[in-house]
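Here is how the chains run, residue by residue.
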Amino acid sequence: MRKRVSRTLRRATFTGVDLVRGRDLALERFPDPVRRQLARLDRLREVWMAHQCHRAGEQWAPGRRRIFRWHARELRELAGQGAAAELREQVRGDEDALVAMEADCRSGRRLTGDYLSGLARRIPDFEETVPLPEHTGDLLAEAAAVETHPVIRAAHLHLTCEETLRRVAQRDGLPGPPLSLRPLPWALASLSLLRSTYPPLIMDHRLVEAHRAARSQPTQWDRLTALVPLFADLETVSLRSELSWAAPLHADPDQRSPVSPGAHFTVVRPRPAPLMAALHRRILERLRFRSASFTLVLRELDPAAQADVTAGDIETAPQRNRCEAAAARALFRLGPGCRWASLDIAATEARLRLLVLVQDVGAPPTGALAVTADAWLTVEDRSIDVLDPAYTDSVTLVPTDGADDRRSEVEGFVDDVVARALDRLTRALS
């Protein structure tokens, strides 16, 4: 009888493609750009795994709690949940519930329908918890067991849970914040990732429109193929953050974090300096190319406008505070290396400075690099952050990448931040 009910629920939840079947969620069914993005994510995870194997067990807890805390705060703030003091208390409760969920995962707890139904009651909701119908736990357990890439499975479980909550809310007329921001679908997606040895997701309020656009696609398959890239971006942020907090990899085995006897790990060497220099050079060339194309347009708005492109590193110019701020906004700890290329535009009424940075991830360096940006506009002695970048507004590279491998992404990133910065400047001059 239970199987019949679960099958009926599945048919009621999804129309068109039956996404629960493993062959329908197979990685090869997804578009080439999605598959390439997931392949890049998995290369970053390999670096993360190599470093995590050298960490003591107690070192996991602070970093993982930090991720849960960031995520819970973002969801609560998006949902407009209370004043600052009240919000801190709510976030603490969310964080504790997610830590307990992870502890269940580490203990090997099976994702049965009963367990997931119980978890739905334990995850703090924003207002009145949406009650899940009988046997819904079985439906979620099926979604959590689909054989596919872990990020695809997490996105599928997220959508399955949200769709279930939406149907119940419509049936019962329950008010409250959007179901897309409710904690349970996000918690289940993170639980699915944790079980596949990935870190949990971190939501970002600046991505709420991208999340809404993915969920507003006309079919369940379209929603899934739109959500997977967003989840891959968020997972990149989590992996990079935890990687940057990794303990040093010591040459002396006696100084390593405790590991099991006889264990073998691949130690990832830091990226050689010439590779960082090659990326830096490409970014500098791209900024020069872009500045030549828009300088004439700027002079139509202000004949006195001047554009200049310069470059340096963290040791040769006082830019460390900007390098550290860009790393902090992207949720990783800055390493010793940070090279920058700067686009400076001076006009009669405003001055714009855009920095594009190539940064070591982690101290000591972990071998990963991040390309980030920082820009500010000065008008009448007042400076304005003109980018407000999301956690995901960056490019992450791993030691096996080459400068040519990621050229299109890096140049696309430069073009995007230049366009956004110039848009703010032209509005200030108009």
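Everything below is about the structure shown above.
Note that this is a predicted model, so its numbers are computed, not measured.

Cut-offs used in this document
- Residues numbered from 1 in each chain as written.
- Predicted model: local features only at pLDDT ≥ 70, side-chain atom pairs only at ≥ 80, totals over all residues.
- Heavy atoms only, no water.
- Salt bridge = Lys/Arg side-chain N within 4 Å of Asp/Glu carboxyl O.
- Helix = DSSP H or I, 4+ residues; strand = E, 2+ residues; numbered from the N terminus.
- Buried < 20%, exposed > 50% of the residue type's maximum accessible area, 1.4 Å probe, protein only.
- Core = buried A, V, L, I, M, F, W, Y, C linked by side-chain atoms within 4.5 Å.
- Phe/Tyr/Trp six-rings, centres within 6.5 Å; stacked < 30°, edge-to-face > 60°.
- Lys NZ or Arg CZ within 6 Å of the ring centre and 35° of its normal.
- Axes fitted to C-alpha atoms, helices over the stretch in contact; angles between N-to-C directions.
- Parallel < 35°, antiparallel > 145°, perpendicular 65-115°, else oblique.
- Left-handed = near helix turned anticlockwise from the far one by under 90°.
- Contact = heavy atoms within 4.5 Å.
- Pairing = 2+ DSSP bridges.
- Polar contact = N/O pair within 3.5 Å; in protein donor to acceptor, adjacent residues only side chain to side chain.
- 1 Å grid on protein atoms, 1.4 Å probe; cavity = no way out; pocket = protein on both sides within 12 Å on 5 of 7 lines; lining within 4 Å.
- Points joined across faces, edges and corners; volume = space filled by probe spheres on them.
- Nonpolar A, V, L, I, M, F, W, Y, C, P; charged D, E, K, R; others polar.

(A) Inspection of the pattern of salt bridges at higher detail. Inspection of every chain in the model, using the stated rule, returns 32 salt bridges. With a shortest N-O distance of 2.6 Å, E95 and R65 are connected by a salt bridge. Placement of E95 in helix α4 (residues 84-106) and of R65 in helix α3 (residues 57-78) is noted, with a sequence separation of 30 residues between them. Here R65 falls in the partly exposed class, since its relative accessible area comes to 30%. Residues E411 and R286 are paired through a salt bridge, measuring 3.7 Å at the closest nitrogen-oxygen approach. Here the residue E411 occupies a position in helix α13 (residues 407-429), and R286 occupies one in helix α11 (residues 273-301), the gap between them amounting to 125 residues. Like R286, E411 is buried. Each member of the salt-bridge network shares a partner with another, and the members are R40, R43, D401, R406 and E409.

(B) Expanded view of the nonpolar core. With 54 residues, the main nonpolar core has F30, L38, V151, L224, V228 and F231 as its most contacted residues. Membership of the second largest hydrophobic core comes to 37 residues, among which are L279, F294, V358 and V386.

(C) Main features of the packing of aromatic side chains. Per the stated rule, a full pass over the model turns up 3 aromatic pairs. The ring of W245 has R66 sitting right over it, with the charged end atom 4.1 Å from the ring centre. Geometry around W376 places R322 over its ring, the cationic atom sitting 3.5 Å from the centre.

(D) Fine view of the packing of helix α6 (residues 136-144) against helix α7 (residues 150-172). Closest axis-to-axis distance for the α6/α7 pair is 8 Å, and the angle between their directions is 160°. When the axes of α6 and α7 are compared, the pair comes out roughly antiparallel. With respect to the hand of their crossing, α6 and α7 are arranged in right-handed fashion. On α7, the residues touching T136, L139, L140, A143 and A144 of α6 are R153, H156, L157, T160, C161 and T164.

(E) Fine view of the pairing of strand β5 (residues 382-385). Looking at chain direction, strand β4 (residues 369-379) and β5 are connected through 4 bridges and run antiparallel. Among the inter-strand pairings, V379 is bridged to a residue of β5, identified as R382.

(F) A look at the side chain of S394. Structurally, S394 is set in the loop between β5 and β6 (395-397). Only 2.8 Å separates the side chain of S394 from the side chain of R240, close enough to count as a polar contact. Leaving out residues up to four positions away in the same chain, S394 has contacts with R240, V371, T372 and F413.

(G) Quick peek at the environment of L44. Within the fold, L44 resides in helix α2 (residues 32-52). Residue class for L44 comes out buried when judged on its relative accessible area of 3%. L44 sits 196 residues away from R240 along the chain, and the two C-alpha atoms are 7.8 Å apart. Those residues within four positions of L44 in sequence are excluded, and the remaining contacts are T236, L239, R240, L243, T396 and V398.

(H) The arrangement of the layout of surface pockets in detail. Approximately 520 Å³ is the volume found for the largest pocket. Along its surface, the largest pocket is lined by 22 residues, and Q37, R40, D233, R406 and E409 are the ones closest to its centre. When residues of the lining of the largest pocket are traced back to their parent elements, those giving at least two are α2, α10 (220-244), β6 and α13. Take the lining of the largest pocket: its biggest share by element is 8 residues, from α2. For the lining of the largest pocket, the residue count by class is 9 nonpolar, 5 polar and 8 charged.

The values reported here are purely geometric and, on their own, carry no functional implication.
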